[in-house]
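# Survey of secondary and tertiary structure
Residue-level listing of the chains:
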Amino acid sequence: MHTTNSGEKMADFVREQGIDYPVAIDVANATTGAFAVDSYPDYYLIDRAGNLRVADLANGDLERALGVLLAEPPPIEAALADAAATASFKETRILAFVGDGAAIDALGALGRGDRDFAQLVRNEYAVAKVDAAANPELAARLRGELEASTGAFVAALDEDGVLLGSVAARGLDAAGLKRFLERHQLPRKDAEVLWTQALERATRENKRVMVHLGAPW
């Protein structure tokens, strides 16, 4: 953003310096006033969700701050937000049924009555129903390597919304969906490894170990 002062020289400067990112003129100093800019250059970092994360950043800290923000996962889309929150809390993955209403209902009915299948979904996944027509960009992202002409499909994601895999609903039966879900569920944790790590940490930090015995449900 170029200050209003000498803004008429901005285009020539951008061309001479070979700057290939968008540069705008701050009309009537509206932006510098809103951000309380008190010196030039001044850096304000805005994340992918449009939130101001760093204000009045020192020149020497710019590269480090950019690295931190770029390393963050992209924000979870609204259609996945509830499932992502559940997956994060329960340490599971996300199962997304993507399509129109009838197709999503049909996918949700797969494996109905199969106790083992129901337990797999309940214990290992948080379910999200994504209307493809209402969320075209999200549907395109979740489609992954599937053809654009693919109709309804199923996608598996981690708790941050990162796509792990997708499979078309066409021709998919309960057994095929179960294999897909087993392939993308979180790896089982080894109790012996966790116990050893806990003992080592307790020794290192002069603490005790609390053991919680439970089950996925």
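The structure presented is a predicted model; accordingly, all values stated were derived computationally and were not measured. (Residues numbered from 1 in each chain as written. Predicted model: local features only at pLDDT ≥ 70, side-chain atom pairs only at ≥ 80, totals over all residues. Heavy atoms only, no water.)

### Observations concerning the pairing of strand β3 (residues 93-99)
As a reminder, the rule being used: Only protein chains enter the accessibility calculation, which uses a 1.4 Å probe. A residue is then buried if its area is under 20% of the maximum for its type, exposed if over 50%, and partly exposed in between. A run of H or I in DSSP becomes a helix once it reaches four residues, and a run of E becomes a strand once it reaches two; helices and strands are each numbered from the N terminus. We call two strands paired when DSSP finds no fewer than two bridges between them.
Of all seven residues that make up β3, seven are buried, and the element is covered over most of its length. Relative to strand β5 (residues 153-157), β3 is paired through five bridges, and the arrangement is antiparallel. If you follow F97 over to β5, its bridge partner there is V154.

### Some thoughts on the pairing of β5
Judged by how many residues are buried, β5 sits mostly within the fold: five of five residues are covered. Burial of the side chains of β5 extends over both faces: F153, A155 and L157 are buried on one face and V154 and A156 on the other. Bridge analysis of β5 against strand β6 (residues 163-168) gives five bridges, and the strand direction is antiparallel. Paired with A155 across the bridge in β6 is S166.

### Details of the environment of V23
Put simply, the test is: In this description, contact between two residues means that some pair of their heavy atoms is separated by no more than 4.5 Å.
With respect to the helices and strands, V23 occurs in the loop between α1 (10-17) and α2 (30-34). The class of V23 is partly exposed, set by a relative accessible area of 28%. Residues V23 and M1 lie 22 residues apart in sequence; the distance between their C-alpha atoms is 5.6 Å. Leaving out residues up to four positions away in the same chain, V23 has contacts with M10 and V14.

### A word on the pattern of salt bridges
When the charged atoms of two side chains with opposite charge come close together, those side chains can pair. Put simply, the rule is: When a carboxyl oxygen of Asp or Glu lies within 4 Å of a side-chain nitrogen of Lys or Arg, that pair is called a salt bridge.
Inspection of the entire model under this criterion finds eight salt bridges. Close ionic contact of E72 with R53 constitutes a salt bridge, the shortest N to O distance being 2.8 Å. Residue E72 is located in the loop between α3 (62-70) and α4 (78-90), and its partner R53 is located in strand β2 (residues 52-57); the two are separated by 19 residues in the primary sequence. The class of E72 is partly exposed, set by a relative accessible area of 27%. For R53, a relative accessible area of 39% puts it in the partly exposed group. Taking the shortest distance from any N to any O, the salt bridge between K207 and E205 comes out at 3.1 Å. Accessibility expressed as a relative area gives 34% for E205, which makes it partly exposed.

### Focus on the environment of F180
Topologically, F180 is positioned in helix α8 (residues 174-184). Each C-alpha atom, one on F180 and one on A155, is 9.3 Å from the other, the two residues being 25 residues apart in sequence. Apart from residues no more than four positions distant in its own chain, F180 is found in contact with Y125, V154, A155, A156, G165, S166 and V167.

### So, the packing of helix α6 (residues 115-124) against α8
The condition that has to hold: Under this scheme, a helix contributes an axis fitted over its contacting stretch, all axes are lines through C-alpha atoms, and angles between N-to-C directions fall in the 0 to 180 degree range. Rotating anticlockwise by less than a right angle from the far helix to the near helix defines a left-handed crossing, while the corresponding clockwise rotation defines a right-handed one. Three classes are used, and their members are as follows: Ala, Val, Leu, Ile, Met, Phe, Trp, Tyr, Cys and Pro are nonpolar, Asp, Glu, Lys and Arg are charged, and the others, Gly among them, are polar.
Between α6 and α8, whose axes approach to 11 Å, the crossing angle comes to 35°. Handedness of the α6/α8 crossing: left-handed. Contact residues: α6 offers D116, F117, L120 and V121, while α8 offers A174, L177, K178, L181 and E182. Taken together, the residues of the contact of α6 with α8 sort by class into six nonpolar, no polar and three charged.

### Re the packing of aromatic side chains
In plain terms, the rule: Each pair of aromatic rings taken from Phe, Tyr and Trp, with Trp reduced to its six-membered ring, is defined by centres within 6.5 Å and is described as stacked if the planes are under 30 degrees apart, edge-to-face if over 60, and tilted in the remaining cases.
Per the stated rule, a full pass over the model turns up one aromatic pair. Considering the side-chain rings of F35 and Y44, the 5.1 Å spacing of their centres and the 70° angle between planes classify their relative orientation as edge-to-face. Look at F35 and you get partly exposed, because its relative accessible area is 29%.

### Section: the sheet that holds strand β4 (residues 125-131)
One open sheet holds the four strands; their spatial order is β4-β3-β5-β6, and the pairing between them is mixed. Every interior strand has two partners, whereas the edge strands, β4 and β6, have only one. Taken over all neighbouring pairs, the strand axes of this sheet differ in orientation by 20° on average, direction set aside. Strands β3, β4 and β5 of the sheet are contacted by α4, whose axis makes an angle of about 180° with β4. With respect to the sheet, α6 is in contact with β3 and β4, its orientation differing from that of β4 by roughly 90°.

### Some thoughts on the side chain of S166
Note the cut-off: Pairs of N or O atoms within 3.5 Å make up the polar contacts considered here, provided that, within protein, one atom can donate a hydrogen while the other can accept it, and that residues adjacent in sequence are counted only when both atoms are side-chain atoms.
Among the secondary structure elements, S166 is positioned in strand β6. There is a polar contact of 2.8 Å between the side chain of S166 and the backbone oxygen of R143. Residues within four places of S166 in sequence aside, it is in contact with L142, R143, G144, L146, F153, V154, A155 and F180.

Spatial relationships are all this shows, so hold off on functional conclusions.
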